[in-house]
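# Examination of the molecular architecture
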Amino acid sequence: MGMGKYVYMDQAATTKISERALGAMMPCFTEAFGNPSSLHEAGRDAEAVVEQARARIAACFHAEPSEIYFTSGGSEADNWAIRQGAALGAKKGKKHLISSAFEHHAVLHTLEALKKEGFEVTLLPVHENGLVRPEELKAAIREDTALVTVMYVNNEVGTIQPVEELGRICRESGVLFHTDAVQAAGHLLIDVKEQNIDMLSISAHKFHGPKGVGALYVRKGVALGNLIFGGGQERGKRAGTENVPAIAGMATALEESLENREEKNARTRAMQRKLLEAVRKIPCTRLNGDEERRVAGNLNFCFEGIEGESLLLYLDLDGICASSGSACTSGSLEPSHVLLALGLPAEIAHGSLRLSFDETNSEADADLVLEKLPEVVARLRSMSPVWKEKEDREEREREKPF
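Residues numbered from 1 in each chain as written. Predicted model: local features only at pLDDT ≥ 70, side-chain atom pairs only at ≥ 80, totals over all residues. Heavy atoms only, no water.

Looking now at the pattern of salt bridges. Any two side chains of opposite charge can pair, on the condition that their charged atoms come close. Counted according to the given criterion, the structure contains 24 salt bridges. Residues Asp144 and Arg142 are paired through a salt bridge, measuring 3.0 Å at the closest nitrogen-oxygen approach. Looking at Asp144, the relative accessible area reads 26%, which means it is partly exposed. Where salt bridges share partners, they join Glu51, Arg54 and Glu234 into one cluster. (Salt bridge = Lys/Arg side-chain N within 4 Å of Asp/Glu carboxyl O. Buried < 20%, exposed > 50% of the residue type's maximum accessible area, 1.4 Å probe, protein only.)

With respect to the helices and strands, Asn361 occurs in the loop between β12 (352-356) and α12 (363-382). Engagement of the side chain of Asn361 in a polar contact is seen with the backbone oxygen of Tyr8, the distance being 2.8 Å. Here Asp365 takes part through its side chain, which lies 3.0 Å from a polar atom of the side chain of Asn361. Excluding its chain neighbours within four sequence positions, the residues that come into contact with Asn361 are Tyr8, Met9, Gln11 and Met271. (Helix = DSSP H or I, 4+ residues; strand = E, 2+ residues; numbered from the N terminus. Polar contact = N/O pair within 3.5 Å; in protein donor to acceptor, adjacent residues only side chain to side chain. Contact = heavy atoms within 4.5 Å.)

Our focus in this paragraph is the sheet that holds strand β9 (residues 285-287). Across a sheet, strands are paired by hydrogen bonds formed along the backbone, either parallel or antiparallel in direction. Here 3 strands make up an open sheet; going across it, the order is β9-β10-β12 and the pairing antiparallel. Both outer strands of the open sheet, β9 and β12, are each paired with one neighbouring strand and no more. Averaged over all pairs of adjacent strands, the angle between their axes in this sheet comes to 25°, without regard to strand direction. Packing against the sheet, helix α9 (residues 308-317) makes contact with β10 (298-303) and β12, and its axis sits at approximately 45° to β12. (Pairing = 2+ DSSP bridges. Axes fitted to C-alpha atoms, helices over the stretch in contact; angles between N-to-C directions.)

Following the criterion strictly, the structure yields 2 aromatic pairs and no others. Taken together, a centroid distance of 6.1 Å and an interplanar angle of 40° make the contact between Phe301 and Phe303 tilted. Overall, the relative accessible area of 0% leaves Phe301 in the buried class. Above the ring of Phe119, the side-chain terminus of Lys95 is found at 4.8 Å from the ring centroid. (Phe/Tyr/Trp six-rings, centres within 6.5 Å; stacked < 30°, edge-to-face > 60°. Lys NZ or Arg CZ within 6 Å of the ring centre and 35° of its normal.)

On to the sheet that holds strand β8 (residues 214-218), then. Taking strand neighbours across the sheet as the criterion, the 7 strands line up as β2-β8-β7-β6-β5-β3-β4 in an open arrangement whose pairing is mixed. A single partner strand is all that each edge strand has here, and the edge strands are β2 (68-71) and β4 (120-124). Strand-to-strand twist of the sheet, defined as the mean angle between neighbouring strand axes without regard to direction, takes the value 20°. In this sheet, strand β7 (residues 199-203) lies alongside strand β6 (residues 176-180) in parallel orientation, the contact comprising 3 bridges. Within β7, the residue paired with His178 across the bridge is Met199. On top of the sheet, helix α3 (residues 74-91) reaches β2, β3 (96-100), β5 (145-149), β6, β7 and β8; it is set at about 165° to β7, its chief contact.

The next thing to look at is unusual backbone geometry. With phi around 65°, His208 is a residue other than glycine that occupies positive phi space. Within the secondary structure, His208 is located in the loop between β7 and β8. A positive phi is found at Cys284, a non-glycine position, where the angle reads about 55°. On the basis of relative accessible area, Cys284 is assigned to the partly exposed category, the value being 33%.

We now examine a negative patch on the surface. On the surface, a cluster of negative charge is contributed by Glu135, Glu164, Glu165 and Glu194. If you trace the backbone, Glu135 turns up in helix α5 (residues 134-140). (Patch = residues over 30% accessible without salt bridge, like charges linked within 9 Å, V, L, I, M, F, W, Y side chains within 5 Å. Areas by Shrake-Rupley, 256 points an atom, 1.4 Å probe, with all protein chains shown as cover. Lys, Arg positive; Asp, Glu negative; His and termini not counted. Charge placed at Lys NZ, Arg CZ, Asp CG, Glu CD.)

On to the packing of helix α2 (residues 41-60) against helix α7 (residues 244-258), then. Where α2 meets α7, the closest approach of the two axes is 9 Å, and the angle between their N-to-C directions is 30°. With respect to α7, the axis of α2 lies roughly parallel. Two packed elements cross with a definite hand, and for α2 against α7 that hand is left-handed. Residues Ala46, Val49, Val50, Ala53, Arg56, Ile57 and Cys60 of α2 form the contact with α7, whose participating residues are Val244, Ile247, Ala248, Met250, Ala251, Thr252, Leu254, Glu255 and Leu258. A breakdown of the residues in the contact of α2 with α7 according to their chemical character gives 13 nonpolar, 1 polar and 2 charged. (Parallel < 35°, antiparallel > 145°, perpendicular 65-115°, else oblique. Left-handed = near helix turned anticlockwise from the far one by under 90°. Nonpolar A, V, L, I, M, F, W, Y, C, P; charged D, E, K, R; others polar.)

Attention now goes to the pairing of β5. Burial within β5 is extensive, with 5 of its 5 residues counted as buried. Where β3 lies against β5, 4 bridges are found, and the strand directions are parallel. Among the inter-strand pairings, Leu97 is bridged to a residue of β5, identified as Leu147. Pairing geometry for β5 and β6, over 3 bridges, is parallel. Across the sheet, Thr149 pairs through a bridge with His178, a residue of β6. Viewed along the sheet, the connection from β5 through helix α6 (residues 163-173) into β6 turns out right-handed. (Right-handed = clockwise from strand over helix to strand, strands pointing away.)

Here it is in structure tokens:
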């Protein structure tokens, strides 16, 4: 099936590039095609595109242009920020890092690697509602804490963390604060100064920009080490000829996503309410993560007695693209670490479904999901020994004499 033949409810995994972002990219392939490091006019034209994009992206976060570094995406930005925060701490004898139990693997696996290098890691619990509690962060900070890294919005359950409070606690304690804002950028208003954010990661393909490009914001005054050695690109910190078309596309997509943001969010929120009310009527269904403190375009459910993988395959046959959580773990059969961190038992966490949508989705998309999803759940439960056992148990309970 080609685009348009299916309903796409997996916007948190990736988004379709917007016409405007694509339009901003095209001249960089054919006209402003020069190498930004070249001194001639063709090089200067390309450099102008890169520097304008840097300033435009900085403005979206109330940052300075010199605080924006271009990367290949969110994973690279996360790795760079965390390794840098750890290295700066180690120089002062501080080798303790704090994060949350349900971060993206780009964060968790980087922390695992740092553990092997002698760092100690504390993972804050996220509780049943999928939120980090500021008072628990405060209690976890020690004399030797170098860095706190907590995501802005969880990629699976969509919960919005209390970033401003976390940032304030870190600033008061003299600890660096990094946030993976990959699922927040373009959807929420972010002010790095007001929210006391020292470092922040974004990825263009999550807000209708191109894949393979992202950025890392690093507050002025935070020393940033070299990531890639070579030429002098990105102020000598990350060598390699800049991906000019992608950078231009990212700046345009970010600005576009923040235009009429409230109106777009209201439309998405209405779709979220409609889907939530209807899906909740399916028996033994639970919404994962706080109902209020979540982004407008995310719903994550567990359906007791069924496997998430079968659910996705049946929905796919019905022309609906969804996921069981992060696209990065869709290939693994393990239950989601995010849902386990929320305290769900493994057998229930297996039956999860993430619907992620935005203003590019139509009412008809939601209607198709609401038509097909209850049928698929019922069909899978009719084949499930776990569900049969549960029904038999309930039947025996009902038949018991009082």
